[in-house]
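An overview of the molecular structure
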Amino acid sequence: MKSRFWSLTTILIFLIFFFFMILPVLNLFTGSFQTQEKGAFTLQNYLSFFHYPSYWRSLWNSILIGLISAAGAMIVGVPMGYMVSRWNVMGKSLIVTLSTLPLMLPTFIAAFAWVILLGRGGIITKFLQTWGIHIGSIYGYPGMILVFVSQLYSYVFLMTLSGFSAVDESIEEAGCSLGSSQLRTFWTVSLPLVLPTILSGAILTFMSAIENFGVPMIIAQQTPNLVVKAYIEFTSEVGTHPGMAYTLSIFLILITMASLVAQRYYLSKRNFIQAARGKPKVKQLTPGKRLLASGIIYAFLIFTLIPFFVALVLSFMEMRGPVFYPRFSLQSYVYAFSRSARPIFNSYFLATISTLVAVLIGVPTGYILTRRKSAYSNALDIVIMLPFVIAGTILGIALITFFNQGWIVLTGTWVILVLSYVIRKMPFIARSSASILYQLDPSLDEASISLGVSPMKTFYKVTFRLMMGGVVSGAILSWVTIISELSSTLVLRSPSWSTMTVEMYQGVVSDDLGKAAAFSSIMIISTVIPLLLATKYFSKDKGGGILL
Amino acid sequence: MSIQIVNVTKKFGNLEAVKDVTLEVKTGEFFTLLGPSGCGKTTLLRSIAGFNQPEKGEIYFNKKRVDKIATHKRGIGMVFQNYAVFPHLNVFNNVAYGLKARNFSADEIQPKVSRALQMVRLAGMEDRFPNQLSGGQLQRVAIARALVIEPQVLLMDEPLSNLDAKLRVEMRSEIRELQQSMKITTLYVTHDQEEALSISDRIAVMNHGVVEQMGEPWEIYNTPVNRFVAGFIGTTNFFEGTLISEQGGQGIVQVSEIKMKVSAHSPCVGEKVSFAIRPEAFKVAQEITEAERSCFLSLPGRVNKVEYLGFMTKYDLELCRGLSVKVVSYDVLPQHLRKTGETIELCYDPQRVLIC
């Protein structure tokens, strides 16, 4: 009975992923080899891809921007992680909290704010022009790299921090005792030990950067990447080429899949870090140096948060067309609430429903992965990894194409939005549940049963209670990221199911900057408040939950 | 409450972890399953607890068959190797957990928990959470939690193996005292032979899923039934040789280049004999009396290694080429201490030879 329940649950989860992810994505794959009208086999899409520079350049742009962003994240994140781990810089937990914020806040708000500041008619650009200083264009590579490094560096920073904090002190002491200087020990012992962890963080940065849709839509302009190009080919008013969109999607999936394989199977096997017995020593800096190191770190943290302050401030300013006037006004909010109240409701409604469903499926999945190990659970482990390699835009295109006709028509409904959110967020919930369960000793259940509590009640009284903190913080993180989801939403929404992100994006595109700022601010507040609550009440797995 | 285990077999795939084991734990007895890791002792304990279902055999508590009854209805108390103290409950609620499951009222729970905590010397710690406790304290909570429900049977799965050596010795005598004062039938699993000898009324030595020998601690130590038991319990010197003469229950065995005396039921002359002598069965040098010297064969041994432990000295002695024995001497007078390379006379009572 008990094992049948879990077998049925496993099959159900498989079916959900098969119908709502694997089949639609396979459909993209076959679609990329078919002609648009008759569906006959063709290689035309792939031939065009290599023939027209606008296509293959988008692949090149994706890879190059991903690599530069990952390198940039390492340049910032590695020294910062080392300093926070090994030096007595001030307010370490504050640093960690502030560094996770950019990962949670919508990246396209950062892109929007930087355009307001440094774009063609930007506030800083104009100010500098009055002094005769001309800065280069922010559009294209510089802007994207600026946004990606400042918003995604935390993947590398947090990984480096946990890596250097987990190197057993005695291993470094062994290096020194064998006659190696401290600097040499760092290069020959500590860094090689932590390097796989750092590279894992860099791969996460790389993947997030190339899957990102909002930032290049706002700031890339002449250098679109694969995601943007696929979106344009799919939705263009000039005449769509769905086959080409599928082909571009396949290339993107191949890159992300290769990155994930590298991370999961190559780097994770080289993970030498074990639970440290002796915590590494924290170097006591002289007061001056301590102030300097802390100052540099906080200056950078503030820099990464500037866009969000800017969006907040602008939302309270008076607007005339695309121009802000430095006077306090609630005009943007009045406009947002009166004209676009529905999208605000939609965002909250969709995020809440999707999170609930993701938890409902994700927690049992985590349980199956850890406590019901079998060949099926291993397969499930791989299946739930797939959403990580499928960018939101691509999943959106896949779902809308697949459910456009046939026995189930979902295109244009809110259900399809929920589906795409659940597919993308459920793996996070499953992973975080699994990692909690890994740490829970199975003999806790047995102890409860031996004390006369039935297995069902034990699950509720022990296992569930112990998991709850982690599940709730995982759910909050999912909720927050769904609120700020743009990529698949923009593809899947219908006029009556628009969301805050879509409204904000359209505000940017149509130069309705007040509306964009107002929606940005509502999103920032909707993100920051739950996150602060989560860190306050469930501070135990600070930051860890958002990483793979 | 007694426990009867009748022909129990438990398989994991093709591996028979427990093979046709039959044993009885008497009411109020402290019974220990002792054996190396993987010998099936924990599997058997978990079958009794109901955490696994044996393929064959029956388990009875006081003549009442329990092996088809769910764990939570068996009325057991269990103590786990890694404590398994609920991290989300404080000490009081951990101990009260089983009482609440039995629907005791708050008024009844309070004094019961207090008494249980007093018993394990944790009075005043009610509000602490597990992460504020040491390993020894955690195990005390686990013991109090198992005892407070007044179980019919107490099952303990290597409860001391996660503690450090000194605490382990302290805790085992505490466990023994608690068990004696409550007269509770206890089944204890350990791989530590010293622990088993010191704490148990009876011991079952297990290996490869079968019970090799069952008996009181002194029986297990002094009359091991086979080579495995002799080797697993304590330190032993094994010898193999040929019986060259036999007279009045005393035999002479040619072992390598030397002759050794053995006593009792030896086989026929000319046959192979294998036997064992404990290190402390040997007497060395000054400890040997004139009577012993004349009665028993004495042997010369060259000192290969000395290990001075204060209250005793361990010697590795070479009797002849390729034949070394471990010997323990409690003669701690400094002038009697021998050095490497010296020769010592040693002697043993053939009665203390274990034929195996």
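What counts, and at which threshold
Residues numbered from 1 in each chain as written. Chains lettered and ligands numbered in written order. Predicted model: local features only at pLDDT ≥ 70, side-chain atom pairs only at ≥ 80, totals over all residues. Domains from an automatic or database assignment. Pairing = 2+ DSSP bridges. Helix = DSSP H or I, 4+ residues; strand = E, 2+ residues; numbered from the N terminus. Axes fitted to C-alpha atoms, helices over the stretch in contact; angles between N-to-C directions. Parallel < 35°, antiparallel > 145°, perpendicular 65-115°, else oblique. Left-handed = near helix turned anticlockwise from the far one by under 90°. Contact = placed C-beta atoms within 7 Å. Nonpolar A, V, L, I, M, F, W, Y, C, P; charged D, E, K, R; others polar. Core = buried A, V, L, I, M, F, W, Y, C linked by C-beta atoms within 7 Å. Buried ≥ 20, exposed ≤ 12 C-beta atoms within 10 Å, placed from the backbone.

All right, on to the domain arrangement of chain B then. One can read the domain layout of chain B as domain 1 (3-232) and domain 2 (237-355). Between the C-alpha centres of domain 1 of chain B and domain 2 of chain B there is a distance of 40 Å.

This next bit is on the pairing of strand β17 (residues 313-320) of chain B. Residue and element names in this part refer to chain B. When strand β16 (residues 298-308) meets β17, the two strands line up antiparallel, connected through 6 bridges. Bridge assignment links V306 to a residue of β17, and that residue is Y315. Following β16, the chain reverses through 4 residues before pairing antiparallel with β17; G310 in that reversal takes a positive phi of roughly 90 degrees. Relative to strand β18 (residues 323-329), β17 runs antiparallel, the two being bridged by 7 bridges. From the neighbouring strand, Y315 faces β18, where its bridge partner is V327. Here β17 hands over to β18 after 2 residues, with G322 in that stretch at a positive phi of 80 degrees.

All right, on to the packing of helix α12 (residues 242-267) of chain A against helix α17 (residues 392-402) of chain A then. Residue and element names in this part refer to chain A. Orientation of α12 relative to α17, taken along the N-to-C sense of each, is 135 degrees, at an axis distance of 10 Å. When the interaxial angle is binned, α12 and α17 end up oblique. Note on packing geometry: the crossing formed by α12 with α17 is left-handed. Contacts between α12 and α17 involve P242, A245, S249, L252 and I253 from the first element and I394, I397 and T401 from the second. Across the contact of α12 with α17, the residue classes tally to 6 nonpolar, 2 polar and no charged.

I109, A111, F112, V156 and L252 of chain A are the most contacted members of the largest nonpolar core, which has 152 residues in total. Composition of this core by domain shows at least three residues from each of domain 1 (1-31 + 330-548) and domain 2 (40-315) of chain A. Here L252 of chain A is in contact with S62, I210, L226, V227, A391 and I394 of chain A, once residues within four sequence places are set aside. Core analysis: the second largest hydrophobic core is formed by 94 residues, V21, L117, F232 and L319 of chain B among them.

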